[in-house]
Each structure stands twice: as C-alpha cells, then as structure tokens.
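In case you want the letters, here they are:
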Amino acid sequence: MSLLRVTSPHASGQGQVSSVMRDVLIATLPGVLILTAYFGPGTLLNIVFGGLIAVATEYAITALRGRDPRVAISDLSILVTSTLLCIALPPYAPWWLIVIGVLTAVLLGKQVFGGLGYNPFNPAMVGYVVLLISFPVQMSAWASPRGLAEVPGLGDTLRHVFAPGTIDAVTAATPLDLLRQNTGLLFEDLLTNSPELTGWGGIGWFEVNLAFLRWRPLAVVSPDLYLACAHRYARCPRCLRAHRI
Amino acid sequence: MLAMLSDQPLLAALTALLGLGATFGALLGFAAIRFRVEGNPISEQINALLPQTQCGQCGYPGCRPYSEAIADGDSINKCPPGGEETIQALADLLDVEPQPLDAEHGVEKEPVVAWIREDECIGCTKCIQACPVDAILGAAKVMHTVIADECTGCDLCIEPCPVDCIDLIPRKEGISFWHWSLPEDRASRYDVIATDAATRDAA
Amino acid sequence: MRTIHDIHGGIHPPERKALSRPGDLQNAPIPPVLVLPVRQHLGVPALPIVAVGDTVLGGQVLAEAQGVMSVPVHAPSSGTVVAIESRPIAHASGLADQCIVIQTDGEDHWLAFEGVTSWRERDPATLVERIREAGIAGLGGAGFPTAVKLSPGPTRPIETLLVNGTECEPYITADDTLMQCRADELVEGAHILAHILSADSILIGIEDNKPDAIARVQAAISRAGVDVELATFPTKYPSGGEKQIIEILTGQQVPSGGIPADIGIVCVNPGTAVATQQAIVDGKPLTHRIVTLTGEALAAPQNVTACLGTPITQLLEHAELSVDGQQRIIHGGPMMGFAVSDLNAPITKITNCLLAPTATELPLPDPAQPCIRCGHCAEACPASLLPQQLYWYARAKDQEQLAEHRLFDCIECGACAYVCPSQIPLVQYYRAAKGQIRDSEQEKRRSDNSRERFEARQARLEAETAAREAKRAARKAAAQSQAAENGSDPIQEAIERAKARKAEQEANP
Ligand code: SF4
Ligand code: SF4
Ligand code: SF4
Ligand code: SF4
C-alpha cells in the first residue's frame, strides 16, 4: 500500500468551469429569444456562425500553444465569448464582420494574455470595441424591428449575411441614433411620435434592453462581476424576475 | 503690450505657458521648503531592510556601513544572508531594477545558529571578541556558550576558535518551523508516499 | 427560545455521518507499543521526566509542562519506557518529533486517583491547576491548552460558557457519540468550567442533524436539574467554527484578530468538558479519547475510545482496513483534515477522526485550472472574505494586500476550495501565505534585535576605545607636568634605564 498526500479539503463540490460557463450561456437565452422574436433569425445566425469560427480558432491556437485543445474547448468558455459578442453585433451583420470580431476577441482578447482566466478584459467586449471603432457604419446598422419592416426569413437572412447588397431595406436607425440625430423634438414627443419608439418596435427595444440591461454595462466595466451576475441570474429565477421589472 | 500680445497669438501662448510654469514652479519650490517632512534618512530605511546578520560578507563591517554605502550608490546585490527577498525589497525602496545576488559575496543559505561543543571549549574568549552581536557568553578559561536567540549565524566566530569547537547548525528545523508552501502550478495535486507500514505491522 | 442567526456563506457537503454509527462506542484494544509525542497541543512541548527503562503505571506523568503554554503527557497504560526519540507523528508536514515510547505490559495497572466532588467550594485557580496537571488541551482539533483558555484575565469578564457540539465536518461523529454516551459528564463538566470562569450562563449548541445527542443531552440537563440552555440550529458547514457558532447563537461577531473572550464568551469542545469533569471529579488525567474510524475503505467503521499514542495503523486494522495500491488516510475530516504520511504515527489529543475513503468516495482532485473569477468562493466563505483576491495576492506574495484583505480571519475551512469550479487548492495558498507572513514577522523581530545588539556593541567598543584614549592622554599629561616640575623627562629617563640594563646584560651574560 502506498499513501497519498493531498492538501485539504479532500471533498470537492460538483462545480466545473464548464458548468459555470453553461449557466452563463443559459442566462443569455431570454435575451436571445427576444432578439429573435423582434429581429428574426439574424442573431441566431450570428451566434451559430460566430461560435463555429471561435471554436475553430481556439482549437488551432491552443494546439499551437502546446495545450490540449479538447480541454480548452470543453470548458465552454469560448462559446460564452463568441455568444456574448454575437449578441452584441447587429443581426444580419455581414459575415466578415463576425469573423473579424471573433478573431479579435479570441486572439487579442483572450489568448495573447494566456487564455482562460488571464485576460484582463472581457474578450467579447474587446472584439466589440475593435469592431465599433473600425466599422462604425456596419456596427450601427441595426435591422428594423418587427412592426416597422418585414422581418426577413431564414433564406433572406443567409443571403444577406453572406452576399451583402442583395437586400438593403432592412436597416434602420437604432433608438439611440434617433435620439442623437433629433434636433427639435422633446424627448417625450419623440417617444410618442416616432414609429421606431412606439408600438411593436418600441416594445421590442424595451424588452431587448431589459433582457440584457442589467448585465451588459457591467460587462464592460468588469467581466468578473458580469460573469458573477450572469451566473446568479441563471441560477436564480427570483433575481431574474425581480430585475426585469 | 496687451495689444501686441493680442496681435501675436503665438507669443501670447508662449508667455502664458512661461508664466504658468514660473508660478507653479515657485509654488512647488515654496511648498517643498515650507512643508518639508523630516523622514528617515535613506540609509536608515535601507538598514531596516537588511537582515542584520552583521556578517560582513558584503565587504563592509556590518549592515549599517553597507546601508550607508548603498545610499551613496553601491549596488544592492551584495548581501547573501538577505538573498533575493532583500534585494527585491531594496529595489522597491530605491526604485531600481532588482539584480541577481552577486555570487562574489556568497550564496543564500538556510539560516543557522552557532553551537559550541562545550566540553571541547578551552575558554579562550576569542569568539566573544569576534561576535558582532554579543551572543556568546563566557569568561576566560571557562566554557563558553551561544545564546541561540541572539546569534545571527554570521559565521565570524568560527574562524578565530583555536580548537574548532564551534558548529553552525540549521536554525529552522523541526515541526515548529514548518509551514505549507505554495502549491506548484500545473503540478500533480498529490504526492505518493511509498510505505509498507500497514502491511509490515499487519504481518 | 433563542433566535438563531445565519452566517454568511457556508456549504452543504454530503454528511455521511451514519457510516460510523454515532452513539455506539467501543473500546479499542491496548496496543503493544504506545508512542506519545511530547507535543500534542499548541505551544511549548512537554519535558520528559521518565528515562528509558523506567516502568510506568497508567496515569503516571511522563512529561511535564514547560511554562504556561504547555500541558503534561501521561501514560495511558502500564508498561516500560523503551525509547525517548524522534518518531514520525501525525502532522501535515510528515515530519518527526520527540516521542516517549512505551512497551505496554497488558496488565493495565493504574495509579490511584483522588478527585474532588465538592468542586463548587473550591477556588477556581486550584481547579485550573488541576486541569493543567491533567494534561487537558482542546479536543476539538487545535489542541489549545484549556488552562490558558480558562484564564482570560480580569479585563475580560466571561458571561457565557459555550459548549460547541456542532461537529459540522462531514463523516466525524466523535463528539456526537461522546454527547450520547457521556451526556451527564458533559453537563457536569460544563458546570465546572462555568464555575471556574464565573460565567453566568451555560449554552450548549448542537447542530440539528444529531437528534439523538440532542435528546440525551436534554435528558441529562433535566436529570441534573440545572440551568443549562440547549440550542439547536440548522446544519451547515462550517457552523462549528468558533466565531461562526458564536455568531449563529448570539448574533455577535468576534472582532477580527480577537478571541471570543473579548465579547465575554469562552467556547469549548464537548470532549474538553468531559475531560474536565473526569479530571476534577475523578482526578483522572487525559489519557484516552474518542476517535471516529470511518470511510468506505474500512469494513468496520466505528467510534472507539482509544489510548492516546496508539499507532494509526493499529486502529485502522481494528476497523478492518483492506486496500491494495494507493490510499489516502486523512487525520481529521474531509474538509480540514490532513493526509497522514506515515501510518506508524500515533493518535494524539487532537485526533477526532481517521478517514480512509475510497477513490470513488472522495475522488482525487483534478489539476488546478486558472481562476475564472466566478465569485463562487466569495459566496461560500463563512468569514466574508474575498478568497479569489486572497488567492491572487498569495501568488504574488503581496503581504500588505493579504493583510488588507484579512487573510488572518480565514479559518481554513475549505468551503471556498470546495465550490471552486477550477479546483484550485485555495486553502493551501492561504496556509502558505500565513506561514510566510509569520516567518517574515519573526525574522523582522530577530533582525531588529540584532541591530540593537550590534549598535550597543559598537557603542561599547567606541566607549572602550575612548576610555583607553582618555587614560593614555591623562598619563601623558601627568608625566609632562612631572617633567616640568623636576626639570627632567621621565620618558627619556626610562629609555636611559632600559639602555643601561641592556648594556649590563650584554657585559655579563
Ligand atoms: S552581508 Fe552581512 S553584514 Fe552585509 S548587509 Fe548582509 S547581513 Fe549585513
Ligand atoms: S555566535 Fe558566532 S555565528 Fe552567532 S552571531 Fe556571534 S559570531 Fe556570529
Ligand atoms: S471559485 Fe475558484 S474560479 Fe471562482 S473566483 Fe473563486 S478561486 Fe476563482
Ligand atoms: S478557507 Fe478561508 S477563505 Fe476559504 S471559505 Fe474558508 S474562511 Fe473563507
């Protein structure tokens, strides 16, 4: 018989990095659903496409860095990064925008610092900021929500994303743009008079923002807090309800 | 004057900058004299970081002389008893790059204390005169002994002893000095200890 | 009814207490050889007063306390002292320490003891002395000398004696068993302790997962017809931490860096109370204790009363350990215990449990992954610390920040490491950091002391030189004034005299 020397505690909970990440992914669901409801399948497409690119990049990089890529992928952190980024991109964003964003997030936001746990900023937000600075036009071209324009179907969506230019009628100003460009009207007038902010469209924005609002500003300030909160939300339906009101 | 300034924006800007510089410079200068804090002289602060082994390995007769030498610009890596930790602390204090220990002066060792094999001691008092911290107790022709709590392990008493009855023994041995060390990154989380204790006793 | 407060954090690991059948207490056989470390407590080791070859009786003093922070060691059975030497002991370091080894004769002859039943009339100071002489040190795990705990000093009046029957660690049932089988002694022991401390009230706190112990202690209280409050509270790890149970039962927080006596409470383990009762009423020193032998690698898990100094391997054999290959033997519980590195090491006053888990029962930890700053550890920490910050600072060896983040309030409960999804051995980081800080404080004290001594010596040497110099100057001045008086130079005269003597010697050799 040989003895083993281990440091305490000798018992350990069931927690894994992957389960934390899974919970964060679950926490994004309400927001993603609402985005899809109002803007059509664009967001979903972003997430799926971005996710594939991200996983491939992470795999390649960790292999290059001499780590076990399967371990790196299986902690799901890369999916959290790509999903957070893709939710923040406009639906129907051209494919190259997603590719650039994801590559920046994975390479510049995460892996150059040493991978999971060593990144000083939230990688998704690094990707987002780089895109916002480099491609302001594409980044602010949000689709009109349901009610203002016809929401495209899946086929149109694919065509729009991978062959841009074939559809050009779906973009519109976001409410913030509207506010910025507004010169004469009072805020309240704007709220009640402009089609973007009333009716279906207005409610859409309202809901989307609510679904993320409590989390996203946090994410920019502190990824730690963001993850902690997102995780709490995911586990605690009471918090979710309380903060959505 | 004013008219000229308003005609010459470049000149105006220059004058303004110069004026501001002069005013704040004067203010700062005044404040530096008026609100001067009488801090510890830098050599005091350096001395507080040195290990006070008083061994002279740095080439100076004790820690204080070395601290004064550092304050005058000597390098900070000459104290083996202090080792890397002291060098780091000095580098932080003086805001310079830490350097590796200068091997010319010796290497970092485990802390030790002197121990006199008392039945061999002839009571020559030579070690008493050598000890920089008066850690040896004794009188002429009677056996001497080391006060272990006061001994710094500086090694200066070893050489003068005519009968070589002084040993340096590790100071930090045994359970009361043990503490956990930091886990190693990426290392296996457990040690396997080969033992046949149970089987032997069972047999 | 007392209001029960909640503490921050905490976890609910599987309890697995039924495994060792609490309440069923057996006697472990007296082993052929007893190995008694001279340091079974926190503080200064005891000084052996027996010699190799001496025959000893049960209860005889083998080693005497050295100073206040020390307790004596007694023989748990009769036999012969066969060695006084360094032997492996049960310690996280795996190091050896001085032990007195007794070959038992199997007769188990004991000294006659004399107790005091009328302890209420006795002066607390003499009772404390008896407790010290009986070798009692906290039986909960830290081994703090009880006599020291019972002398909080006049500045800290004690209101409440708190008996901590929480036993919140999974698996361990030694206190549970003790409370079930020795409830009457427990109540009386608590009274003696309260009498010594002149505490107004006695509070026994038991977690609600021990209904049998609660019932028996309650019955003992009514039998004794005394005023003792029994409080039960919900099960949660680590409610049994001293500061934690005080907060749960009183809502008061022990100040950071302080001790419970600062807020008028002294907290003892039930085992300590029972040992006190035996020491005072029966006059019996502490020579045995209850140990839980548990884990799925044991065929017969149980609670036993064992002689202190019984080698671990004997007890495991008694509980039918059967393993080949790698095995962890944990001294203490799964949360705070340490892995034993030599099974010949003996049990001591602080051994409450020996745990032999199988690899499926308590899997070995995976390699640590980087901290993802999920914050679970901060949610679990009962001391409201920020474990992940402490972890980063411990890695960076940033002692200032560690102090700032109250590292020394960490009770090393392991709740943070238990929940950490990255499986980081957080507690080891804290232990190492604490050790380093203590080390450097000690070094600082030493070096300050050396500096003073060096400077004192320097000053002395200078003074000596100055004194010599002054004497020489005085002599010179005296000689000169003499010369002025006599018109002759004494130095010149001395030289002349020396020359004359030399010439004389050369002339007639
Ligand atoms: S080398 Fe010796 S004398 Fe010099 S500073 Fe270090 S401890 Fe002091
Ligand atoms: S006893 Fe010897 S080793 Fe110790 S301080 Fe004095 S001279 Fe140095
Ligand atoms: S639980 Fe572990 S991974 Fe999470 S913040 Fe704490 S140390 Fe980091
Ligand atoms: S081990 Fe220390 S830091 Fe971790 S949960 Fe317990 S008290 Fe908090």
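None of the values given here were measured: they were computed from a predicted structure. (Residues numbered from 1 in each chain as written. Chains lettered and ligands numbered in written order. Predicted model: local features only at pLDDT ≥ 70, side-chain atom pairs only at ≥ 80, totals over all residues. Heavy atoms only, no water.)

**With respect to the overall build of chain A**
Selection rule: Each helix is a run of DSSP H or I of at least 4 residues and each strand a run of E of at least 2, with the numbering of both proceeding from the N terminus. Computed with a 1.4 Å probe, the accessible areas rest on the Shrake-Rupley method; for each residue, only the protein chains presented here act as cover.
The secondary structure content of chain A amounts to 14 helices and three strands. Only carbon and sulfur atoms are counted for the fraction: they give 66% of the accessible area of chain A, which is about 11,600 Å².

**Looking at the overall build of chain C**
Which entries qualify depends on this criterion: Radius of gyration here is computed from C-alpha atoms only, and the compact-globule reference equals 2.2 Å multiplied by the residue count raised to the power 0.38. Contacts: residue pairs with any heavy atoms within 4.5 Å of one another. The charge count treats Lys and Arg as positive and Asp and Glu as negative. His and the chain ends do not count. To locate a charge, take atom NZ for lysine, CZ for arginine, CG for aspartate or CD for glutamate.
Assigned secondary structure in chain C consists of 14 helices and 18 strands. Relative to the globule expectation of 23 Å for 509 residues, the C-alpha radius of gyration of chain C, 31 Å, shows a markedly less compact shape. Taking the principal axes of the C-alpha coordinates as reference, chain C spans close to 110 × 60 × 55 Å. Taking contacts inside chain C between residues at least 6 apart in sequence as the whole, the part at least 24 apart equals 73%. As presented, chain C carries roughly 21,600 Å² of accessible surface, and 51% of it is formed by carbon and sulfur atoms. Separation between the mean location of the 45 positive side-chain charges and that of the 61 negative ones in chain C comes to 8 Å.

**Topic: the side chain of Asn303(C)**
Residue and element names in this part refer to chain C. Applied cut-off: In the analysis that follows, any N or O atom pair within 3.5 Å is treated as a polar contact, provided that within protein one partner can donate a hydrogen and the other can accept it, and provided that, for residues neighboring in sequence, both atoms belong to side chains.
As for its placement among the helices and strands, Asn 303 is situated in strand β14 (residues 302–307). From its side chain, Asn 303 meets the backbone oxygen of Ser 20 in a polar contact 3.3 Å long. A polar contact is formed between the side chain of Asn 303 and the side chain of Thr 173, at a distance of 2.8 Å. Among residues more than four places away in sequence, those in contact with Asn 303 are Ser 20, Arg 21, Pro 22, Asp 24, Leu 25, Gln 26, Thr 173, Ala 174, Thr 177, Ile 290, Val 291 and Thr 292.

**A word on the confidence of the model for chain C**
Heads up, the condition is: Per residue, pLDDT captures the predictor's confidence, and it can take any value from 0 to 100.
When pLDDT is averaged along chain C, the result is 91, and 98% of the positions lie at 70 or above. We note a pTM of 0.80 for the whole complex and an ipTM of 0.76 for its interfaces.

**Remarks on the site of ligand 4**
Threshold: One heavy atom within 4 Å of a molecule or strand is enough for the residue carrying it to be called near that molecule or strand. Under this grouping Gly is polar, as are all residues other than the nonpolar Ala, Val, Leu, Ile, Met, Phe, Trp, Tyr, Cys and Pro and the charged Asp, Glu, Lys and Arg.
Around ligand 4, the structure places Cys381(C), Pro382(C), Pro387(C), Cys410(C), Ile411(C), Glu412(C), Cys413(C), Gly414(C), Ala415(C), Cys416(C) and Tyr430(C). Tallied by class, the residues present in the shell around ligand 4 amount to nine nonpolar, one polar and one charged.

**Overview of the packing of helix α4 (residues 183–197) of chain C against helix α7 (residues 270–282) of chain C**
All names here are of chain C. Going by this rule: Angular values range over 0 to 180 degrees, each being the angle between N-to-C directions of two axes fitted as lines to C-alpha atoms, with helices fitted over their stretch in contact. Angle categories: roughly parallel below 35 degrees, roughly antiparallel above 145, roughly perpendicular from 65 to 115, and oblique for all the rest.
As a packed pair, α4 and α7 sit with axes 7 Å apart at the nearest point and diverge in direction by 80 degrees. Considering the angle they form, α4 stands roughly perpendicular to α7. Taken together, the residues of α7 that come into contact with α4 (itself represented by Glu 185, Leu 186, Glu 188, Gly 189, Ala 190, Ile 192 and Leu 193) are Pro 270, Ala 273, Val 274, Thr 276, Gln 277, Ile 280 and Val 281. Per-class residue counts for the contact of α4 with α7 are nine nonpolar, three polar and two charged.

**Regarding the site of ligand 1**
In the neighbourhood of ligand 1, 13 residues make up the surrounding shell, with Cys55(B), Gly56(B), Cys58(B), Cys63(B) and Cys79(B) lying closest. A class-by-class count of the residues in the shell around ligand 1 yields eight nonpolar, five polar and no charged.

**Here we look at the domain arrangement of chain C**
Residues and elements named next belong to chain C. How we decide: All the domain ranges listed were derived from an automatic or database domain assignment. For any pair of parts, buried area is found by adding up, for both, the accessible area (1.4 Å probe) each one loses once the two are put together.
The domain boundaries assigned to chain C delineate domain 1 (18–318) and domain 2 (374–509). Contacts between the two partners involve six residues from domain 1, matched on the other side by six residues from domain 2. Interface area, domain 1 with domain 2, both sides summed: about 470 Å², of which 55% is carbon and sulfur. Looking only at domain 1, the three residues that lose the most surface to domain 2 are Tyr 237, Pro 238 and Gln 244, adding up to 68% of its buried area.

**Focus on the sheet that holds strand β3 (residues 47–48) of chain C**
Residue and element names in this part refer to chain C. What counts, and what does not: Each pair of strands is called paired provided DSSP finds at least two bridges between the two strands.
The three strands lie next to each other as β3-β5-β6, forming an open sheet whose pairing is antiparallel. Only two strands of the sheet have a single partner each, and these edge strands are β3 and β6 (73–74). Alignment of strand β5 (residues 61–64) against β6, held across two bridges, turns out to be antiparallel. Paired with Val 61 across the two strands is His 74, which belongs to β6.

**Regarding the sheet that holds β14(C)**
Residue and element names in this part refer to chain C. Pairing is mixed in the open sheet, where six strands are placed in the order β1-β14-β13-β18-β16-β17. Because the sheet does not close on itself, it has two edges, and the strands there are β1 (25–27) and β17 (338–339). Taken together, the three bridges between strand β13 (residues 288–294) and strand β18 (residues 353–355) define a ladder with parallel strand orientation. By the bridge assignment, Thr 292 is partnered in β18 with Cys 353. Those strands touched by helix α3 (residues 174–181) are β1, β13 and β14, and its axis lies near 125 degrees from that of β13.

**Describing the nonpolar core**
Stated precisely, the cut-off is as follows: Throughout, nonpolar core names a set of buried Ala, Val, Leu, Ile, Met, Phe, Trp, Tyr and Cys residues whose side chains join them through atoms within 4.5 Å. Only protein chains enter the accessibility calculation, which uses a 1.4 Å probe; a residue is then buried when its area is under 20% of its type maximum, exposed when over 50%, and partly exposed in between.
Judged by nonpolar contacts, the single largest core of 78 residues is most densely connected at Ile11(C), Leu62(C), Leu161(C) and Val217(C). Shared between two domains, this core takes at least three residues from each, and those domains are domain 1 (18–318) and domain 2 (374–509) of chain C. Those residues within four positions of Leu161(C) in sequence are excluded, and the remaining contacts are Ala190(C), Leu193(C), Ala194(C), Leu197(C), Ala199(C), Ser201(C), Ile202(C), Leu203(C), Val266(C) and Val268(C). Ranked by size, the runner-up nonpolar core spans 37 residues in total, among them Phe49(A), Ala54(A), Val80(A) and Met125(A).

**Quick look at the pairing of β14(C)**
On any regular strand, side chains alternate: one points to one face of the sheet, the next to the other face. Residues and elements named next belong to chain C. Of all six residues making up β14, six are buried, and the element is well covered by its neighbours. Side chains Gln 302, Val 304 and Ala 306 of β14 all project onto a buried face; the interleaved residues Asn 303, Thr 305 and Cys 307 project onto the opposite face, where all are buried too. Across three bridges, the pairing between β1 and β14 is parallel. In the strand pairing of β14, Gln 26 is matched with Val 304. Pairing of β13 with β14, which is carried by six bridges, proceeds in the antiparallel orientation. Of the residues in β14, the one forming a bridge with Val 291 is Val 304.

**Observations regarding the pairing of strand β12 (residues 265–268) of chain C**
All names here are of chain C. Burial along β12 is two-sided: Ile 265 and Cys 267 facing one way and Val 266 and Val 268 facing the other are all buried. Bridging between strand β9 (residues 160–165) and β12 involves four bridges; their strand directions are parallel. Counterpart to Thr 160 in the pairing with β12 is Ile 265.

**Considerations on the interface of chain B and chain C**
Here is the rule we go by: We define a salt bridge as a contact between a side-chain nitrogen of Lys or Arg and a carboxyl oxygen of Asp or Glu at a distance within 4 Å.
Opposite the 46 residues of chain B that make contact, chain C presents 45 residues. Carbon and sulfur atoms supply 52% of the area that chain B and chain C bury against each other, a total of about 3,900 Å² over both sides. Our count for the contact surface shared by chain B and chain C stands at five salt bridges. In this structure, Glu150(B) and Arg453(C) form a salt bridge, with 3.5 Å as the shortest nitrogen-oxygen distance. Sorting the residues of the side of chain B that touches chain C by element identifies α3 (42–49), α6 (126–130), β5 (190–194) and α7 (197–202) of chain B as the ones contributing at least two each. For the side of chain B that touches chain C, the leading source of residues is α7(B), giving five residues. Grouping the constituent residues of the side of chain B that touches chain C by class yields 26 nonpolar, ten polar and ten charged.

**Describing the side chain of Thr173(C)**
For Thr173(C), the position within the fold is in the loop between β9 and α3. Taking relative accessible area as the criterion, Thr173(C) reaches 0% and is therefore assigned buried.

**Details of the packing of aromatic side chains**
All names here are of chain B. What counts, and what does not: Any two rings among Phe, Tyr and Trp, with Trp reduced to its six-membered ring, count as a pair given centres within 6.5 Å; such a pair is stacked if its planes are under 30 degrees apart, edge-to-face if over 60, and tilted if neither.
The full count for this structure, using the stated rule, is six aromatic pairs over all chains. A ring pair is formed by Tyr 60 and Tyr 66, whose centres lie 5.6 Å apart and whose planes are at 25 degrees; its orientation type is stacked. Tyr 60 gets classed as partly exposed once you look at its relative accessible area, which sits at 26%. For Tyr 66, a relative accessible area of 1% translates into the label buried.

**Re the state of the cysteines**
Disulfide: a covalent bond connecting the sulfur atoms of a pair of cysteines. Residue and element names in this part refer to chain B. Heads up, the rule is: Criterion for a disulfide: a pair of cysteine sulfur atoms at a distance within 2.5 Å.
Counted according to the given criterion, the structure contains zero disulfides over all chains. Free cysteine Cys 124: the closest other cysteine sulfur is in Cys 161, separated by 5.8 Å. Lacking any disulfide linkage, Cys 161 is separated from the closest cysteine sulfur, that of Cys 165, by 3.8 Å. According to the relative accessible area criterion, Cys 161 is buried, its value standing at 9%.

**Section: the environment of Leu17(B)**
One can find Leu17(B) in helix α2 (residues 9–34). For the pair Leu17(B) and Met1(B), spaced 16 residues apart in the sequence, the C-alpha separation amounts to 17 Å.

**Things to note about a nonpolar patch on the surface**
Inclusion rule: Think of a patch as exposed residues, more than 30% relative accessible area, with no salt bridge, where like charges cluster within 9 Å and nonpolar side chains (Val, Leu, Ile, Met, Phe, Trp, Tyr) cluster within 5 Å.
Taken together, the side chains of Leu103(A), Leu107(A), Leu108(A), Val112(A), Phe113(A), Tyr118(A) and Phe121(A) define a hydrophobic patch exposed on the protein surface, amounting to about 620 Å² of accessible area. Assessed through its relative accessible area of 32%, Leu103(A) is described here as partly exposed.

**A word on the environment of Leu84(A)**
By secondary structure assignment, the location of Leu84(A) is in helix α4 (residues 77–88). Judged by relative accessible area, which is 8%, Leu84(A) ranks as buried.

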